[in-house]
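Structure at a glance
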Amino acid sequence: MKNVQQDPDFENFDLRKYDIFKGLTDAEVEKISHNMVCNQYRRGAIVYNEGSRINGSYVVCSGILKIYKTGFDGKEQIIRFAREGDLIAFRSVISDELACTTARVINDAVLCYIPGDTLTGFIKGSPEFAMSLMKLTCRELGEANKYLTDIAQKTVRERLAEVLLLLMDTFDLDEEHNLQISLTREELANMVGTATESVIRLLSEFKSDKLIELNGRKIKLLNIPKLIKIGNVYV
């Protein structure tokens, strides 16, 4: 089965269901839709690679992607996850630079590609869209600054607790309080910024302390207030 195949059903949907496109007029939505190409991506598919030239941006219509950088030793550092409604790869289009991250699908996804000249045209012609994109850029920069502070000042135990809470806020919990995203221990370690062995050991400690339950990749959060305290998270 191919990792990527066209999905014409998404080409005529209203982009204004997503926050960043809410200020567009009917004519502007029609113009983007006319230039947009939507594809289905299977789990494991690479949308773009770090160091590659990106000629457009992608709207995530469904599924989940991980956005990461690769170190000199080949180890991944997960920067963030992209889910429905997110716009990815726009920074490289605006700055006219090579991609600084890689985007890999971890849950089957539908992505709609918007050519770079279409995106920049709307930035120049729509102050409301330009402001929305600026707010998105500032939010991502704020998240990056927070991550740098956490790496420098928090212990691995604190960072793991915070990551579990971040995953809860991003993807919610199911009815049984399981995180609604399935990650390998290595992916969790990449988010925390530590060795896989350390995450495995700390998850076992969290389980012994009755903070979580583990069932394969599923993680159930049992004591959220205690995780908030351990992670030194302000809510």
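Residues numbered from 1 in each chain as written. Predicted model: local features only at pLDDT ≥ 70, side-chain atom pairs only at ≥ 80, totals over all residues. Heavy atoms only, no water.

With respect to the overall build of the protein
The condition that has to hold: Numbering of helices and strands starts at the N terminus; helices are DSSP runs of H or I of at least 4 residues and strands are runs of E of at least 2. We take the radius of gyration over the C-alpha atoms and set the globule estimate at 2.2 Å times the residue count to the 0.38 power. Shrake-Rupley sampling with a 1.4 Å probe provides the accessible areas, and residues are treated as covered by the protein chains on show and by no other component. The charged-residue count follows a simple rule in which Lys and Arg add positive charge and Asp and Glu add negative charge, with His and chain termini not counted at all. Working definition for charges: the position is that of NZ of Lys, CZ of Arg, CG of Asp or CD of Glu.
Check the secondary structure of the protein and you find eight helices and nine strands. Against the compact-globule benchmark of 18 Å for 235 residues, the protein has a radius of gyration of 19 Å, which places it among compact chains. Across its three principal axes, the protein shows a C-alpha extent of roughly 55 × 40 × 35 Å. A total of about 12,800 Å² of accessible surface is found on the protein, and carbon and sulfur atoms cover 51% of it. Taken as two groups, the 31 positive and 34 negative side-chain charges of the protein have centres that lie 5 Å from each other.

Here we look at the packing of helix 6 (residues 185-192) against helix 7 (residues 196-208)
Note the cut-off: Helix axes use the C-alpha atoms of the stretch in contact, all axes being lines fitted to C-alpha atoms, and the angles between their N-to-C directions lie in the range 0 to 180 degrees. In these notes the angle categories are as follows: under 35 degrees is roughly parallel, over 145 is roughly antiparallel, 65 to 115 is roughly perpendicular, and the rest is oblique. Pairs of residues are marked as contacts when any of their non-hydrogen atoms sit within 4.5 Å. In this classification, Asp, Glu, Lys and Arg are treated as charged, Ala, Val, Leu, Ile, Met, Phe, Trp, Tyr, Cys and Pro as nonpolar, and every other residue, Gly included, as polar.
Contact geometry of helix 6 with helix 7 gives a least axis separation of 8 Å together with a crossing angle of 100°. Taken together, helix 6 and helix 7 sit at an angle that is classed as roughly perpendicular. Across the interface between the two elements, Arg185, Glu186, Leu188, Ala189 and Val192 from helix 6 touch Thr196, Val199, Ile200 and Leu203 from helix 7. When grouped by side-chain class, the residues that make up the contact of helix 6 with helix 7 number six nonpolar, one polar and two charged.

Considering the side chain of threonine 118
Operational definition: Exposure classes here rest on a 1.4 Å probe applied to the protein chains alone. A residue is buried below 20% of its type maximum, exposed above 50%, and partly exposed in between.
When you line up the elements, threonine 118 lands in helix 3 (residues 116-125). Residue threonine 118 is classed as buried on the basis of its relative accessible area of 9%.

Topic: the packing of aromatic side chains
Geometry of an aromatic ring pair is reported as the spacing of the ring centres plus the angle between the planes. Spelled out, the test is: Ring geometry is summarised as follows: Phe, Tyr and Trp rings, the Trp one being its six-membered ring, pair when their centres sit within 6.5 Å, and such pairs are stacked at plane angles under 30 degrees, edge-to-face over 60 and tilted between the two.
One pass over the full model with this rule turns up five aromatic pairs. Arranged with centres 5.8 Å apart and planes meeting at 75°, the rings of phenylalanine 81 and phenylalanine 171 form a pair that is edge-to-face. Linking phenylalanine 81 in strand 5 (residues 76-82) with phenylalanine 171 in helix 5 (residues 156-171), this pair joins segments that are 90 residues apart in sequence. Like phenylalanine 81, the residue phenylalanine 171 is buried in the burial classification.

Some words on the environment of methionine 168
Considering the arrangement of structural elements, one finds methionine 168 in helix 5. On the basis of relative accessible area, methionine 168 is assigned to the buried category, the value being 15%. Leaving out residues up to four positions away in the same chain, methionine 168 has contacts with Leu173, Leu179, Leu221 and Ile224.

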